[in-house]
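# Geometric and topological summary
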Amino acid sequence: MADLVHAWLGCERHKRQTHSAKAFRSYIERELCLLRAELISQTYVPGRSSCFVVTHPKPREIWAADFRDRVVHQLLYNAIAPRFLASFDAGSAACIPGRGTLYAAKRLEHQVRSITQNWSRRAFYLKCDLANFFVAIDKQVLQAELHKKVKHPFWRWLADTVLMHDPRTDFRLRGDPGLQDMVPGHKRLVNAPNETGLPIGNLSSQFFANVLLDVLDQFCKHQLKARHYGRYVDDFILLHESPQQLNEYLQRLTAWLPERLGVRLNPSKTILQPIDRGVDFVGHVIKPWRRTTRKRTVAVAIKRLREMPAEEVFTAGNSYLGLARQASHSHHDQAQLMNVLRKRGHSFKPDLTKIFRKAA
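Residues numbered from 1 in each chain as written. Predicted model: local features only at pLDDT ≥ 70, side-chain atom pairs only at ≥ 80, totals over all residues. Heavy atoms only, no water.

For the protein, the count of helices and strands is 13 helices and 11 strands. For the protein, the C-alpha radius of gyration of 22 Å lies close to 21 Å, the compact-globule estimate for 360 residues. If you line up the protein on its principal axes, its C-alpha atoms span 65 × 60 × 40 Å. A total of 360 residues make up the protein; the buried ones form 48% of that total. Expressed as a percentage of contacts within the protein between residues at least 6 apart in sequence, the contacts between residues at least 24 apart total 70%. Carbon together with sulfur atoms contributes 52% to the accessible area of the protein, which is approximately 18,200 Å² in total. (Helix = DSSP H or I, 4+ residues; strand = E, 2+ residues; numbered from the N terminus. Rg over C-alpha atoms; globule rule 2.2 N^0.38 Å. Buried < 20%, exposed > 50% of the residue type's maximum accessible area, 1.4 Å probe, protein only. Contact = heavy atoms within 4.5 Å. Areas by Shrake-Rupley, 256 points an atom, 1.4 Å probe, with all protein chains shown as cover.)

Okay, the side chain of asparagine 210 next. With respect to the element layout, asparagine 210 can be found in helix H9 (residues 203-223). By relative accessible area, asparagine 210 is classed as buried at 3%. When residues no more than four places from it in sequence are discounted, the contact partners of asparagine 210 are Phe88, Ala93, Ala94, Cys95, Ile96 and Arg231.

Backbone geometry at cysteine 95 places phi at a positive 60°, although glycine is not the residue there. Mapping cysteine 95 onto the fold places it in the loop between strand S3 (92-93) and helix H5 (101-115). Positioned with a positive phi, asparagine 132 is a non-glycine residue whose angle comes to about 45°. Within the fold, asparagine 132 resides in the loop between strand S4 (124-129) and helix H6 (133-136).

Where helix H11 (residues 295-307) meets helix H13 (residues 331-343), the closest approach of the two axes is 9 Å, and the angle between their N-to-C directions is 10°. In terms of orientation, H11 lies roughly parallel with respect to H13. Between H11, through Val298, Ala301, Ile302, Leu305 and Arg306, and H13, the contact on the second element is made entirely by Asp333, Gln336, Leu337, Val340 and Leu341. (Axes fitted to C-alpha atoms, helices over the stretch in contact; angles between N-to-C directions. Parallel < 35°, antiparallel > 145°, perpendicular 65-115°, else oblique.)

Counting across every chain of the model gives 10 aromatic pairs. When the ring of phenylalanine 154 is compared with that of tryptophan 157, the centres are 5.7 Å apart and the planes differ by 40°; the resulting orientation is tilted. Note that phenylalanine 154 and tryptophan 157 are positioned in helix H8 (residues 153-164) at a spacing of three residues, about one turn of the helix. Tryptophan 157 gets classed as buried once you look at its relative accessible area, which sits at 19%. For the pair tyrosine 229 and phenylalanine 236, a centre-to-centre distance of 6.4 Å together with 45° between the ring planes defines the contact as tilted. A relative accessible area of 0% places tyrosine 229 in the buried class. One aromatic cluster is present, formed by Tyr77, Phe84, Phe207 and Phe208 through successive ring pairs. The ring of tyrosine 27 carries arginine 30 above its face, with NZ or CZ at 4.6 Å from the centroid. (Phe/Tyr/Trp six-rings, centres within 6.5 Å; stacked < 30°, edge-to-face > 60°. Lys NZ or Arg CZ within 6 Å of the ring centre and 35° of its normal.)

This paragraph deals with the pattern of salt bridges. As a working rule, side chains carrying opposite charge can pair if their charged atoms are close by. Applying the stated rule across the entire model yields 14 salt bridges. A salt bridge links arginine 68 to glutamate 31; the nearest nitrogen and oxygen atoms lie 3.8 Å apart. Highlighted residues: arginine 68 in helix H4 (residues 67-85) and glutamate 31 in helix H3 (residues 28-40), separated in sequence by 37 residues. Both residues of the pair, arginine 68 and glutamate 31, belong to the buried class. Residue arginine 188 pairs with glutamate 61 through a salt bridge whose shortest N-O separation is 3.0 Å. Residue arginine 188 is located in the loop between strand S5 (171-173) and H9, and its partner glutamate 61 is located in strand S2 (residues 60-64); the two are separated by 127 residues in the primary sequence. By relative accessible area, which is 4% here, glutamate 61 ends up buried. Beyond isolated ion pairs, a larger network of salt bridges with shared partners links Arg30, Glu31, Glu38 and Arg68. (Salt bridge = Lys/Arg side-chain N within 4 Å of Asp/Glu carboxyl O.)

Set out below in structure tokens:
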């Protein structure tokens, strides 16, 4: 029960204002006792999910598990994640404690400076993206990777229950149904083959994706012998002094990925070019002696801040300022954002890092 309470508190931190979280909290003792009994007897079955579409930064289908199921996802993560996290490559980021976009950007910047000897030598980078990754995941392959480290019968049963649950069998549509048509058919989970694809939006899916992609990390480090490598979810990047060597890496990855993991590279997002032209990765652009925020990100932020309702500007404005100041050279971007926020009526700190609420 202590583990279950800890899992519930972990879910409460981010979802306490949702309707399902409030309903669960209203009868918390009964709900936790019932959930514990179902787990111990192994009669637990995941409930109904909600499906909706977000349009920023691009149309994407999101599947939200019921709060009760989120507690189970957190319980499973708390129990089995440490044994996986300890073996994950240092170059992998996203959904790993302490390894977000800033970690990935700073680590790549360090590797770039290392391979170019502080920008005094020429080097190249190969940037790749997996096509429709979450929809294309083969659950059988992922299950085999989970079983390698999850030996306890109960946790193996729970991992299989969460992994193999198909949310398409029982779900509700939320939001404007017309938005569903904005998502390309090949990127929708409802169109994926059986036992293929993970729902975007759950902690379990994010963690399972890292488990599967750790196989890619190990291949790049130990089979390709890539000295400079980094990955953020399904975007990964390799550095080398020779473009011919990077082309060889690309050929081997193109053949290995479908055979071993059942996924493929997205050819339209595969880039090989000199590092000194700038490396665009996780929203940052690394150029000689500076790391800036991607121009498109700043432009979208400015457009949204100008158009959004006044009551949303304070929260969104501070979020965008926080994103901008992660870059090593961000003063110009912060100034552009602050000009918009000032015109929306907000005062700000002199160092351009924070805005304050309007006076009543």
